[in-house]
Structure formats: structure tokens, C-alpha cells
Amino acid sequence: MAAVSQLQRQFIEYTSSLYNEGYLDDQFTQLQKLQDESNPDFVVEVVSLFFEDSEKLLNNLATALQQKIVDYKQVDSHVHQFKGSSSSIGAQRVTNVCVHFRNCCEEKNLDGCLRCLQQVKHEYILVRNKLEALFRLEQQILQAGGSIPMME
């Protein structure tokens, strides 16, 4: 059981670091509270859908910004959608970059939009990798016969 308690401690420390470093906000906690015995994979399923949607949105954004004449309304629409989905899972740093990205769209600032696209891709990849690591840690705890500690 020592291995389980060590994994659980690691889980709590890792999760805390995700909040402290601004990768996640309280919305992720709310998402976790919706998970129960009747739907034990709820968070993983919701976050996996976020990953799928994000990949499509990032590709759409890249394509839209490569056009000879950029349709900033279309770009803003994609960014707005990305901001909403990021916010709904608590991906705070992605959401924050989207706010700045939308300002660049409003100003029709192509250089700013291209910088924001790189920044939002970077933040998305970081949060995706960190959430995947968190889910792997959850699996290790469950496989070892433990339960996932709830964050306060």
C-alpha cells in the first residue's frame, strides 16, 4: 500500500502544480466533481473531446491565416470557439492567449495573429501533455488498487 500512497501524494502534488502554474483553473475542479462511479471516465472523455476539437481548430486557424486575404471574422470565430472549449475544461493559459488572439483579430493585426497562433499552439501542447501525464498517474493509482484523491 506504500506504493499507492506515494502515487496518491505524487498525484496531489502534480495536480497542485498545474493550478499553481496557471495551466488549470477552478473549472477543471468543477469538471472533476461531475465524475462519479456511474461515469468514472467522464473527465478523460471530456478532455479527449477537447483535444480532438483543438487539433481541428488549430489547423483551421493556420489555414485561415495563410490566405492571401485573411478573413479576420472567420479567424475570430475559430478563436472564440477555442477560447470557449479551453475555458470549459479549465485550460486557463490557453484561454488567456485566446483573449489576446481575439484582440489581434479585432485589430486585423496579421503579425499579432500569427504570433498568437504560435503561442496558443505552444500552450495547448503543454496543457495536453500535462493532462495526459495526470491521466497516466490516475491509471497507475487505480491499477495499484488505490482511489483517486479529490482536490479541495
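Values in this document were obtained by computation on a predicted structure and should not be read as measured data.

Draft legend 1. Region of the structure containing the overall build of the protein. Along the protein, the regular secondary structure elements total six helices and zero strands. Listed N to C, the secondary structure of the protein is α-α-α-α-α-α in terms of helices and strands. Its C-alpha atoms put the protein at 60 × 30 × 20 Å along the principal axes. Burial analysis of the protein (152 residues in total) assigns 40% to the buried set.

Draft legend 2. Focus on the packing of helix α4 (residues 72-89) against helix α6 (residues 110-143). Interaxial distance between α4 and α6 falls to 13 Å at its minimum, and their mutual angle equals 25°. With respect to their mutual orientation, α4 and α6 come out roughly parallel. Of the two possible hands of crossing, α4 and α6 adopt the one that is left-handed. Of α6, the residues touching α4 (which contributes Tyr72, Phe82 and Ile89) are Leu110, Cys113, Val120, Tyr124 and Leu131. Residues belonging to the contact of α4 with α6 are distributed by class as follows: eight nonpolar, no polar and no charged.

Draft legend 3. How the structure looks around the pattern of salt bridges. Inspection of every chain in the model, using the stated rule, returns three salt bridges. Linking Arg128 and Glu55 is a salt bridge whose minimum nitrogen-to-oxygen distance equals 2.8 Å. One end of the pair, Arg128, is in helix α6; the other, Glu55, is in helix α3 (residues 42-65), and 73 residues separate them in sequence. Residue Glu55 is classed as partly exposed on the basis of its relative accessible area, which comes to 34%. With a shortest N-O distance of 2.9 Å, Glu123 and Arg93 are connected by a salt bridge. In this pair, Glu123 is assigned in helix α6 and Arg93 in helix α5 (residues 92-106), connecting sequence segments 30 residues apart.

What counts and what doesn't
Note on numbering: residues in each chain are counted from 1, in written sequence order. Since the coordinates come from a predicted model, pLDDT governs what is reported: local features require at least 70, and pairs of side-chain atoms require 80 or more to be given and counted, while whole-chain, interface and lining totals use all residues. Excluded from the side-chain calculation are hydrogens and water; included are all heavy atoms of the structure. Under the DSSP-based scheme used, a helix requires at least four consecutive residues in state H or I and a strand at least two consecutive residues in state E, with every element numbered from the N terminus. Partly exposed describes any residue whose relative accessible area lies between the buried limit of under 20% and the exposed limit of over 50%, with all areas from a 1.4 Å probe on protein chains only and scaled to the type maximum. Inter-axis angles, ranging from 0 to 180 degrees, are taken between N-to-C directions of lines fitted to C-alpha atoms, where helices are fitted over the stretch in contact. An angle below 35 degrees is read as roughly parallel, one above 145 as roughly antiparallel, one from 65 to 115 as roughly perpendicular, and any other as oblique. Here is the rule for handedness: rotate from the far helix to the near one, and if that takes an anticlockwise turn smaller than a right angle the crossing is left-handed, while a clockwise turn gives right-handed. Any two residues whose heavy atoms approach within 4.5 Å are treated as being in contact. Just so you know the grouping, Ala, Val, Leu, Ile, Met, Phe, Trp, Tyr, Cys and Pro go in nonpolar, Asp, Glu, Lys and Arg go in charged, and all remaining residues, Gly too, go in polar. When a carboxyl oxygen of Asp or Glu lies within 4 Å of a side-chain nitrogen of Lys or Arg, that pair is called a salt bridge.

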